[in-house]
Amino acid sequence: MSSDETGASPDPRDRREAVRVKAQQVKARQARNRVLRRAAIVLAILVVVGGGALYSWFAVFQPALSKPTLQPANFTADDGVVVDDTIQRALATETPQATPAPTETAPAEEPISIHVYVDYLSEAAGEFQRVNADQLEEWRSQGAVRVVYHPVAMLTSKSNGTKYSQRAAGAVACVVDHAPEAFAKFNHELLTNQPAPDSDGFSDAELADRAIATGARDTKTVRSCIENEDFVAWAREATERALNEPLPGTKNTLDGVPTILVDGQPYVGALDVPEEFAAFLLAIDSESYLESATPTPEPTEAPAG
């Protein structure tokens, strides 16, 4: 027995359309999931990197911004070190005999002021020190002059990125602060036994070794100060002050090293001829004497009665 009640089959075209729509929905959902996963990964990376960068910024820059620059003791207001009987110099230099102090005229009431601006990488500064150290000390010990050294860092870029000029000036500040008795010898050592031009310069440990070898008694403190670079920031700021503020007794700023001022007058003669520097000092001394001298009135005869 046949029956004409048969199940209605869907149209093949309708089935294909339903499958196509379903596939598009699945594809769109997968694409959205991929975008969300990528966004989550990128966000996580940004959080990690950003947090690390923020931590690094605080670790590196924030202390530098908040930490004040350490100021060394025993410096003058214009960042100089006065060589006096407290800061002894016991040297044996190559100069065979010191040029005698000027004696042609009576000395001025006050000693002649000599300010010497030095960069410890400057060959010219080293040459001046090498040939003039003995006569400077001779005059100083006689009370004829007052010698003031100013460590500056003008040649910081000349040491392959190690900033030797700043580190050396900072090391000198450590000695002046913690072991002033060794300053003169350490200053002389760094000026007359310099590292090779365009080299890395001495390391902080080597600078500390030289400071101790030249007589710094508080060895532990001096070494710690130099190797931790306690006064390198001060050296940088002192150099900026010299470049932007009038030098002692002048209206001029620092424009090179060495700069030697004698009672405010810049010395422009030969750095390696001590007799020439002595003649310049004598000229300054004579001018000071003539300016301060008061003519003695001649006696007058009483009129005849």
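Quick caveat, the model's predicted, so the values are computed rather than measured. (Residues numbered from 1 in each chain as written. Predicted model: local features only at pLDDT ≥ 70, side-chain atom pairs only at ≥ 80, totals over all residues. Heavy atoms only, no water.)

Take the overall build of the protein chain next. Within the protein chain, the secondary structure is distributed over eight helices and five strands. Listing each helix as α and each strand as β along the protein chain from the N terminus yields α-β-β-α-β-α-α-α-α-α-β-β-α. Residues counted as buried form 36% of the 305 residues belonging to the protein chain. A separation of at least 24 residues holds for 75% of the contacts in the protein chain among residues at least 6 apart in sequence. For the protein chain, the exposed surface amounts to about 18,200 Å²; the carbon and sulfur share of it is 54%. (Helix = DSSP H or I, 4+ residues; strand = E, 2+ residues; numbered from the N terminus. Buried < 20%, exposed > 50% of the residue type's maximum accessible area, 1.4 Å probe, protein only. Contact = heavy atoms within 4.5 Å. Areas by Shrake-Rupley, 256 points an atom, 1.4 Å probe, with all protein chains shown as cover.)

Burial runs high along strand S2 (residues 112-118): seven of the seven residues are buried. Taking every second residue as pointing to the same face, both faces of S2 are buried, with Ile112, Ile114, Val116 and Val118 on one and Ser113, His115 and Tyr117 on the other. What joins S2 to strand S3 (residues 145-151) is helix H2 (residues 123-141), and the crossover it makes is right-handed. Pairing analysis gives four bridges linking S2 to strand S4 (residues 259-262), with the strands arranged antiparallel. Within S4, the residue paired with Tyr117 across the bridge is Thr259. (Right-handed = clockwise from strand over helix to strand, strands pointing away. Pairing = 2+ DSSP bridges.)

Next up on the list: the pattern of salt bridges. The tally for this structure, following the rule as stated, stands at eight salt bridges. Note that Glu137 and Arg140 form a salt bridge whose closest N and O atoms lie 2.9 Å from each other. Taken together, the residues Glu137 and Arg140, both in helix H2 and three residues apart, mark about one turn of the helix. Taken as a pair, Glu137 and Arg140 share a single burial class, namely buried. Across the pair Arg223 and Glu227 runs a salt bridge whose closest N-O atoms are separated by 3.0 Å. Taken together, the positions of Arg223 and Glu227, both in helix H6 (residues 219-227) and four residues apart, correspond to about one turn of that helix. Looking at Arg223, the relative accessible area reads 26%, which means it is partly exposed. Salt bridges sharing common partners tie together Asp209, Arg223 and Glu227. (Salt bridge = Lys/Arg side-chain N within 4 Å of Asp/Glu carboxyl O.)

Close contact between H2 and helix H4 (residues 183-192) brings their axes to 8 Å; oriented N to C, the two are set at 125 degrees. With respect to each other, H2 and H4 are oriented oblique. For the pair H2 and H4, the sense of crossing is left-handed. Residues Ala125, Gly126, Gln129, Arg130 and Ala133 of H2 lie in contact with H4, whose contacting residues are Asn187, His188, Leu191 and Thr192. Here the residues of the contact of H2 with H4 sort into three nonpolar, five polar and one charged. (Axes fitted to C-alpha atoms, helices over the stretch in contact; angles between N-to-C directions. Parallel < 35°, antiparallel > 145°, perpendicular 65-115°, else oblique. Left-handed = near helix turned anticlockwise from the far one by under 90°. Nonpolar A, V, L, I, M, F, W, Y, C, P; charged D, E, K, R; others polar.)

A word on H4. Burial within H4 is extensive, with eight of its ten residues counted as buried. Listing the buried residues of H4 in full gives Phe183, Ala184, Phe186, Asn187, His188, Leu190, Leu191 and Thr192. In this structure, the buried side of H4 is in contact with strand S1 (81-83), S2, H2, S3, helix H3 (164-178) and helix H5 (204-213).

In spatial order, the strands read S1-S3-S2-S4-S5; together these five strands make up an open sheet with mixed pairing. Bordering the open sheet on either side are S1 and strand S5 (265-266), each of which pairs with just one other strand. Both S4 and S5 contribute to a ladder of two bridges, which runs antiparallel. The residue of S5 that forms the bridge with Val262 is Gln265.

Let us look at unusual backbone geometry. Residue Pro258 follows Val257 across a cis peptide bond; omega there is -5 degrees. Inspection of the secondary structure assignment puts Pro258 in the loop between helix H7 (232-244) and S4. Of note in this structure, Lys163 is not a glycine but carries a positive phi near 55 degrees. Among the secondary structure elements, Lys163 is positioned in the loop between S3 and H3. In this structure Lys163 comes out as partly exposed when scored by relative accessible area, which is 45%.

On their own, these measurements won't tell you what the molecule is for.
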